[in-house]
Number of protein chains: 2
Amino acid sequence: MNEYQNQMESYRSAVEETLNGYFTAQDLPQKRLFDAMRYSLLAGGKRIRPVLLLEFCRLCGGDWHAALPFAAAIEMVHTYSLIHDDLPCMDNDDYRRGRLTNHKVFGEANAVLAGDGLLTAAFETLCTAKTGADVIVREVGILSGAAGELGMVGGQVLDLAGEDMVLTEDEVHTIHDLKTSALIRAACQMGVAAAGGTQAQMDAARDYAQALGMAFQIRDDMLDVLGDAEKMGKKTGMDEHKNTFVTLYGVGKCSQLVEQYTKRACAALSIFDDAQFLDQLAARLALREY
Amino acid sequence: MNEYQNQMESYRSAVEETLNGYFTAQDLPQKRLFDAMRYSLLAGGKRIRPVLLLEFCRLCGGDWHAALPFAAAIEMVHTYSLIHDDLPCMDNDDYRRGRLTNHKVFGEANAVLAGDGLLTAAFETLCTAKTGADVIVREVGILSGAAGELGMVGGQVLDLAGEDMVLTEDEVHTIHDLKTSALIRAACQMGVAAAGGTQAQMDAARDYAQALGMAFQIRDDMLDVLGDAEKMGKKTGMDEHKNTFVTLYGVGKCSQLVEQYTKRACAALSIFDDAQFLDQLAARLALREY
């Protein structure tokens, strides 16, 4: 394994171990809720947001081990959003990451509540970090701002409202900026905040995340059309009634855009002299081999 | 108006004004989400949890005006829980507080998202308080702990799981302790924390809230059976397939229990020499005339 893979493996195994420590009580009557929360939380996600958070923390001189509660919290928020997005009243998906979706296993009511529980637990988890209270308040502010009505939740509302409609380029960009990029931006900025980083570092994290989020979403839309169901672990071709970058630009231009955004992401890291990991992560993202 | 009513009016109007200031942007594409969030947030609730929070803050020597963001946050959490509880996959209610429920007006997907948005915004709102970061972290910890899988969400899972089953006395108590009392307890303790109160004050707040929550829930179950639809603002007799205190004890014993718990609530306030407001609030609760 090369250095990138070693570092990635360190982050991922620490994140898995941390996540695996939550909602483990066996003797409480609401055990089924815990099971539903863990079912989705430990479903083998790529942990991209936690990894970005931990690496930006390290890059800004922080102790990334101390930031693991923050990393766990953002993965809880991401997981809750997937559970709710999959619900019958939203995207009505039966599979996610190659397994039955939460509501298919635990029922619709429990899936809503498992999502609610994970979202709430994310903020409880932020408070358990052994850092100064001022850092925790910044983390709560960044995460809630990115996940809420001005961020991810707002994007999901727009995405659903835009189904079966022809949207403008600006509208499609806004949807994906809110629905996808906002939380990736939060991950990077929470990492900087965990290390007590500078405003310049915060800005660089924002620009990197912005470009990475776009590359990520465009690539996601392309994979859906290209039909690589095995790699996606979910049914593909589901986005036909949605406004995607592929319907907007076509596959060829999308491919160019992924390359452009990847370059832009890397360029945003010029203030750091140790950004190889994040450069590689951006490059591999385009291949879905991070 | 007597002193109690004056104070209640001060709290309520300050809370209404504060809540009315959120989610007001008119020029954002996700305006419909804001409308859905405000529809339920400003639906004329009694604001019991904010009032408890503000009064405990005042009682412990704090500036209750400075605690308004905390009061707003707990009302957002309460409101989100009502929106999700009313969903077709949960209690499937058409009316709440005399108006159509959120999903009846905005659709099921938007109602789920309006709830998600309010829950997320609650934590964002806590961070806007002009208090020390250590106080905010305590508020986030208390609120998330009470609202999550070990509190309100856990209680809702148990409540749904127990439908159409005969539960033991202990099981019914556990459900309502988690589903109702936990958030009332959080309100009182967040008030103490806002004022930087002592552990003894924190314990008194917990005991008062515990007893008040029980009186509140028993009274709620009684009203449902007694069929006072006008006072409830929602369809009554809906709890027939649920385990309520009335099915457990009958109306007569419930009436006695409300009285006992009300006395117990007042007794918990003996360490304060200025607890008339909270005494009266507990007494009036039994009459639903707070």
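Here is what the cut-offs are and how they apply
Residues numbered from 1 in each chain as written. Chains lettered and ligands numbered in written order. Predicted model: local features only at pLDDT ≥ 70, side-chain atom pairs only at ≥ 80, totals over all residues. Heavy atoms only, no water. Contact = heavy atoms within 4.5 Å. Buried area = accessible area lost by both parts, 1.4 Å probe. Salt bridge = Lys/Arg side-chain N within 4 Å of Asp/Glu carboxyl O. Polar contact = N/O pair within 3.5 Å; in protein donor to acceptor, adjacent residues only side chain to side chain. Helix = DSSP H or I, 4+ residues; strand = E, 2+ residues; numbered from the N terminus. Axes fitted to C-alpha atoms, helices over the stretch in contact; angles between N-to-C directions. Left-handed = near helix turned anticlockwise from the far one by under 90°. Nonpolar A, V, L, I, M, F, W, Y, C, P; charged D, E, K, R; others polar. Expected span 1.5 Å × (residues − 1). Least-squares fit on C-alpha atoms with pLDDT ≥ 70 in both. Buried < 20%, exposed > 50% of the residue type's maximum accessible area, 1.4 Å probe, protein only.

Here we come to the interface of chain A and chain B. Contacts between the two partners involve 45 residues from chain A, matched on the other side by 45 residues from chain B. For the chain A and chain B pair, buried surface summed over both sides reaches about 3600 Å², with 78% attributable to carbon and sulfur atoms. Summed over the three residues of chain A that lose the most area to chain B, namely Leu113, Thr120 and Glu149 of chain A, the buried surface amounts to 17% of that side. Taken together, the connections running from chain A to chain B amount to zero salt bridges. Linking chain A to chain B there are four residue pairs in polar contact (both at pLDDT 80 or more). Of all the secondary structure elements, the ones that give two or more residues to the side of chain A that touches chain B are helix H2 (31-41), helix H4 (68-86), helix H6 (108-126), helix H7 (133-147), helix H8 (152-161) and helix H9 (169-194) of chain A. When residues of the side of chain A that touches chain B are assigned to their parent elements, the largest contribution, 12 residues, is made by H6 of chain A.

This brings us to the packing of helix H1 (residues 3-20) of chain B against helix H3 (residues 48-59) of chain B. Residues and elements named next belong to chain B. Across the interface, H1 lies against H3 with an axial gap of 10 Å and an inter-helix angle of 115 degrees. In terms of crossing hand, the pair formed by H1 and H3 is right-handed. On the side of H1, the interface is formed by Gln7, Met8, Tyr11, Arg12 and Val15, while H3 contributes Ile48, Pro50, Val51, Leu54, Glu55 and Arg58. For the contact of H1 with H3, the residue count by class is seven nonpolar, one polar and three charged.

Once that is clear, we can look at helix H9 (residues 169-194) of chain B. Here H9 of chain B is 26 residues long and its end C-alpha atoms lie 35 Å apart, about the 38 Å a rise of 1.5 Å per residue gives. Once H9 of chain B finishes, Gly196 of chain B follows within two positions and takes phi at roughly 65 degrees, a positive value.

Take Asp221 of chain B: it is sitting in helix H10 (residues 199-226). Of the polar contacts made by the side chain of Asp221 of chain B, one reaches the backbone nitrogen of Phe245 of chain B; its length is 2.8 Å.

Another aspect to go through is the relation of the copies chain A and chain B. The operation relating chain A to chain B is a screw motion whose rotation component is 180 degrees, with 0.0 Å of axial translation and a residual RMSD of 0.0 Å. As the rotation angle and translation indicate, the two copies are arranged about a two-fold axis. Among all residues of chain A, the minimum C-alpha distance to the rotation axis is found for Ala133 of chain A, at 2.7 Å. A share of 100% of interface residues in chain A that are also interface residues in chain B marks the association as one of identical surfaces.

Take the pattern of salt bridges next. Residue and element names in this part refer to chain B. On inspection of all chains with the given rule, the structure shows 24 salt bridges over all chains. Asp203 is the partner of Arg206 in a salt bridge, and the nearest nitrogen-oxygen pair spans 3.6 Å. Remark: Asp203 and Arg206 occur in helix H10; sequence separation between them is three residues, near one turn of the helix. Taking the relative accessible area as the measure of exposure, Asp203 reaches 27% and is therefore partly exposed.

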